[in-house]
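The residues making up each chain are set out below.
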Amino acid sequence: MKFTSCLLGIGLFVSLVSCNKTASETEAISYSTLKEGFKNPPIQARPKVYWWWLNGYVDTLRLKEELLAIKNAGMGGVDLFEIGLPPASDPNQLIPAGPAFMSEESVKNIQLAIREAGKLDLEVGLNLASSWNAGGSWVQPQHAAKTIYFSKTTVQGAGEQAIKLPFPAITPDKKGNPRPIPYGADGKPAYHEEVAVIALPAGQTSQLDTSKVINVSAYFDAKTEQLTWKAPAGAWDVYRYVCSNSGEQLIRPTPNSVGPIIDHFDSTATRMHVMYFIDRLKPGIGDFSKSALKNLYLASYEAKEFTWTPTLPAAFRNLHGYDLYKFLPAIYNKEWYQPEVANNFQFDFNKTLSELMINNHYRKAKEICNSHGLQIISESGGPGHLHHIPVESLKALGALDVPRGEYWYNREFFMENDKDSLVDKIWLVKEIAAASHIYKRGIVEEESFTSYWDWQEGPSDLKVIADRAFCEGMNRLVIHGFPHNPAEMGHPGIAYFAGTHYNDRTTYWPKVKPFNDYLSRISYILQKTAFVADVLHYYGDNVPNLIPPKNTWFSVGPGYDYEVVNTEVLMRDLTVENGEWVLPGVGRYKVLSIGTEGRIPADVRAKLKKLAEQGGRLVDQKPALPALTELKIMPDFSYADQKTDQRETPLDHIHYRNGEVDFYLIRNTTNQWVSRTCFFRQADRTPEIWDPLSGEIAPVSVYKQADGRIQLPVSLPPYGTYFVVFSKEPVLAHYNEVTGSEPHPPHLAFTPNGLAFLQAGAFEVKKESGFEQIDNTQPATTLTGPWQLRFPKGWGAPESATFPKLISWTESDQKGIRYFSGTGTYQTFFSYKPASNIAQNQRIYLDLGRLAKVGEVWLNDKPLGIVWTPPYRFDITEVVKTGENTLKVEVANTWSNRLTGDALTGEKFTKTNITKANKNLVPWGELPLIESGLLGPVTIQTVKTIR
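Criteria and cut-off values
- Residues numbered from 1 in each chain as written.
- Predicted model: local features only at pLDDT ≥ 70, side-chain atom pairs only at ≥ 80, totals over all residues.
- Heavy atoms only, no water.
- Phe/Tyr/Trp six-rings, centres within 6.5 Å; stacked < 30°, edge-to-face > 60°.
- Helix = DSSP H or I, 4+ residues; strand = E, 2+ residues; numbered from the N terminus.
- Buried < 20%, exposed > 50% of the residue type's maximum accessible area, 1.4 Å probe, protein only.
- Lys NZ or Arg CZ within 6 Å of the ring centre and 35° of its normal.
- Pairing = 2+ DSSP bridges.
- Contact = heavy atoms within 4.5 Å.
- Axes fitted to C-alpha atoms, helices over the stretch in contact; angles between N-to-C directions.
- Expected span 1.5 Å × (residues − 1).
- Bend = angle between axes of the 7 residues up to and from the residue.
- Left-handed = near helix turned anticlockwise from the far one by under 90°.
- Nonpolar A, V, L, I, M, F, W, Y, C, P; charged D, E, K, R; others polar.

**A short note on the packing of aromatic side chains**
For step 1, the next point in the chain: Enumeration according to the criterion identifies 58 aromatic pairs in this entry.
For step 2, the next point in the chain: Each ring, one from Y407 and one from W427, has its centre 4.8 Å from the other, and the planes form 35°; the classification is tilted. Of this pair, Y407 sits in strand 11 (residues 402-408) while W427 sits in the loop between strand 11 and helix 9 (430-438); the two residues are 20 residues apart in sequence, bridging distant segments of the chain. Across the pair, W427 and Y407 agree in class, each one buried.
For step 3, the next point in the chain: Sitting over the face of the ring of Y191, K146 holds its NZ or CZ atom 5.3 Å from the ring centroid.
For step 4, the next point in the chain: The ring of W858 has K888 sitting right over it, with the charged end atom 4.3 Å from the ring centre.

Printed below as a string of C-alpha cells:
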C-alpha cells in the first residue's frame, strides 16, 4: 500500500506575513489628546457585548431598538453570537427555533443588523458558528474534526504470510454515545484515511524498546486489507491505525443548526469555513472595510476528543527529525514505554499539534480575514485550565489580530484546593495582556462578567471585577452578554443561562451609561499607553503553558510588576542595551527571570547566556527580587502595609506610560475607605488625579519629591479606583504632607475646587515654610424623613408609600414592596441653614449613604446626576438653598427579588426562560432577597477645602 502524506501543513510553519500590520510601538500622543480622549472616549474604547440570538429566533424591529439602546448606553458595538440553550435553561420551551444559522433568512437578519449598526457608528463582530467550536451543517466529512482508531491482530512469525487486518471499530465517544458520522455502503465511515500499520512484540506492556516496534505499512494493501509480511519469529501484535471523523459536534447549536466542528489543524478546513461566511455575507454587504462588520470571531476551543489530522506525521518529522509511527501505541498506552521516552514523545507530539493549530487555523484565519478587510479575534486555544488546550498560549494569541480572554467570578469550583494558594482557574487576563504586549497587538479584549448569577448584580458589583481585570492589563470589555429579546418575551425576558444579563430590559438600563463611560475611560488610557514592568519573565516551552493571574503562582515582590515572554518572541526580538533587557517596541526590563513552568530549549539558553554576557541581569529559576535589590531598583509603587498578592493587599496597581506621561491605575481592593501615604518611582513630574467616574482631572496639592520618588496621599472609597498621573506639566504651589491623629492620611479627595477633607477631625498640612491647621469638625446633618415613595403601576407595589425611616424594600411588611423590582422614587423636604462661619474654602456635600443598586438624584428640580458606586455623593454647594429644599432620588434594583416573589406567591409579573438561578440549581423561591432601595443615612456635610 502507498500511504499518502499531505504536506499542506508543513510550509505553514514559516510565520505568515499578514496584509495587516501589527500595532507598532505605542504611538506618542500629546498630553492634551490623552485628556480629551479620557473625558470623551471614542467608540474603540467603549465596551462591546455578546449579542445573544437565542435559538436563532429574532425580531427585526427589536434588533433595531436594541442597537439604538446599546448606542445610547455609551457602548461601542456587538459581537453577534447565535446560540442554543441547555434544556434546563428553557424547560417550558419559551423560545421558538429560528432559521438555520447562515441560511438565507439568517443571513438577511445578520446583514440587517450590520447595516443598522453602521448607521449608529457601532462595530459588529460575528461568531463563526452557531455556538462553538468552529463548525456547522455545511462542514463535509473531509473538513470535519478527526481522530484515529485502531484494530489489533496477533500473529505468529513463521515466514511470509498474508494476514487480514480488520478495519478498526468506531468506538463510542467519551460519553459512551455512538459517534454522529456518515457511513458508506460498505459500513465504513464515509471519510477515512490509512495512517500506519505497526507491529510490536505480543503482550509487551512495559519498557517497550522502540527498536522492536516495526512500521510494516509498506506491506499492507488497504484495498484488500491484506498484510503480506515476513514476520520475525515469535508472536506479534499488529495494529492498524486509521484516521476518520471524531464526530464532535457544535457544543450548543440552535435547534436547526446542528453540525460537526471542523478539523482545526487543517488549513483547507479553515479556509473552507471562513470563506463560507465571507461568500455568504459579501453580496449583501459589499466591501467589508467600509461596513460596520469589523471582525470575525472564533470562540474558545473546547473540543474533548483526541485529535488527529492527516498532515500530522509529516509535520511531526519536519519539526523533530524523526517519525512518530513507532510511538503510535503511546497515544493510548503511554505506560508501555520508558517514562522518559514517553514524556519526550508526548512533548514533541503536543508541540506539533500546537504548531499545526496556530498556523493552519489562527494564522490562516487571520490571513483570509485580512485579505477581505476584516480582523480575526479569538480566545485561541482557551479557556484556561478547564479544557484540552492543544496550543502554546502566547504564540496562539499572538497569531491573531486581537487576542481575547475571559474571566468568571464567584466560581470557586474552579479554584485550587489548597487554601493557601487559591488561584482562579478561569481568570484569563494576565495571559492575554502579555500576548497582546509582546506581539504588539494593542488591544487586550476580555469576555467580561461571565457568571451564573442571574439578575443579581448591579454595576457596583461588576466594577470590582472589572477593576481587577484592568489592573492585570485588560483594555477593552466584551460584556457577556446582551440577550436579544423579541417583543413578546416580556420582562426580564429571555436570557442565556450563563453571563450577566446586560440588556435594555434590565431594571437599571436607563441609568447604565455612567458605568459604561467609566469602563471606557480606563480602557482608552490603557489602549493608548504602554505597560511598564521591571522584570521580564520567560515561562519556558510547553504545550499548553498557561499564565495564572497576576502575582499568584509567579510574582516578583510588593510594588513590582512583570511581563511574560515566550520562546518565539524571545528568540526573535530580545536584546540587551545599557544593561537592560529590551523587547523593541514593547518594553525595557531590569531583570530577566527564567521560570519553572516549561522546558528551556538549548538555543534559548545559548541566547540568554550571550545576552547576559552583554550586561543583562539574569535570574535562573529563583526569585527575582534580590537581583532588583542589588541593582538598587526601588518598588515602582509602594506603601506601608503593602502585600504582593493583589487579593490580599489594600491597594492594587498597574503602571502604563506614553512618552513623558505616566499613568498608575490604583484600586482599593476592600469594602472600606483606604488612605495611604504612597511612593511612586517618579522624579521631576507633576502629579494629577484622573477620575474615571466623572472624567474630571484635578491637581494633586499635597506631595513631595525625595530620593527618586514622589510621595503623596492616596485616598479611595470602598472599591474606589482612579489614575495617579505624572507629567511634565508646570509645577503648581503645593503642600508636602497632610497628617492627623491616625497613622494614615485622612480621607481626602483631590477635586477641581481643591483638596477636600472628607473625614471629620483636626489635621495639619505641611509645606517647606511651615504648616497650617485644618479644622474639619462640623457635624453632618442627617435627613430623617419621612420619605414619600412612588412605584410604577403594574409591578405589584403600591403606587405610593411612606417610609418613616430608610429601610431596604425587602424589609417592608407589604409583599408588593418586598418583592418589587424596578425603579422607585423617593421624595423628601428638608430645611437647610448654613453654618454662620461658612467660608469660600468649604463645600457642601449631599451623601446618600448606601443604596442598591443605581440612583439618580434631583435637588430643587435640578439634576445632580447618577450614582452607581460608593461614595454615593454630590457637591451641592451651588444648588442647595437656605430654607426649604426638595430632594428626589430614583433608585433601581435588579430583577432578582421580583422573580423570587413570583415564585413564592404564584404571581406572574415576570416572564423568562430561566426558572432556576445560579446555573439552573436554585429555584427562584429559594433565592435570598437582595437588599434594595435607598438605605442611607442621607446626610448634608460641610467639608473643608484648601488649594
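**Section: the sheet that holds strand 14 (residues 530-531)**
For step 1, the next point in the chain: Here we have six strands laid out as an open sheet, ordered 14-23-24-30-26-27, and antiparallel in their pairing. A single partner strand is all that each edge strand has here, and the edge strands are strand 14 and strand 27 (697-699).
For step 2, the next point in the chain: Taken together, the eight bridges between strand 23 (residues 651-658) and strand 24 (residues 661-668) define a ladder with antiparallel strand orientation. Among the inter-strand pairings, I654 is bridged to a residue of strand 24, identified as L665.
For step 3, the next point in the chain: Where helix 1 (residues 31-39) meets the sheet, it contacts strand 23, strand 24, strand 26 (686-690), strand 27 and strand 30 (721-727), and its direction lies at approximately 20° from that of strand 26.

**Digging into the sheet that holds strand 35 (residues 770-776)**
For step 1, the next point in the chain: Within the open sheet, the three strands sit side by side as 31-34-35. Their pairing is antiparallel. Looking at which strands have only one partner, the edges of the open sheet turn out to be strand 31 (737-739) and strand 35. Neighbour to neighbour, the strand axes of the sheet diverge by 20° on average, direction disregarded.
For step 2, the next point in the chain: As judged from the seven bridges shared by strand 34 (residues 761-767) and strand 35, these two strands associate in the antiparallel manner. Residue pairing in the sheet places V765 in a bridge with E772 of strand 35.

**Observations concerning helix 7 (residues 339-371)**
For step 1, the next point in the chain: Taking 1.5 Å of rise per residue, the 33 residues of helix 7 would be expected to cover 48 Å, and the 46 Å separating its terminal C-alpha atoms lies within 8% of that figure.
For step 2, the next point in the chain: If you look at helix 7, its biggest bend is around 30°, right at R363.
For step 3, the next point in the chain: Burial of helix 7 is extensive: 24 of the 33 residues sit out of reach of the surface.
For step 4, the next point in the chain: With its phi angle positive at about 75°, G373 sits one or two positions after the end of helix 7.

**Quick word on the packing of helix 4 (residues 267-285) against helix 7**
For step 1, the next point in the chain: The contact between helix 4 and helix 7 brings their axes to 9 Å, and the two run at 35°. With respect to the hand of their crossing, helix 4 and helix 7 are arranged in right-handed fashion. Contact with helix 4, carried on its side by S267, T270, R271, V274, M275 and I278, involves N360, H361, K364, A365, E367, I368 and C369 of helix 7 and no other residues of that element.
For step 2, the next point in the chain: Here the residues of the contact of helix 4 with helix 7 sort into six nonpolar, four polar and three charged.

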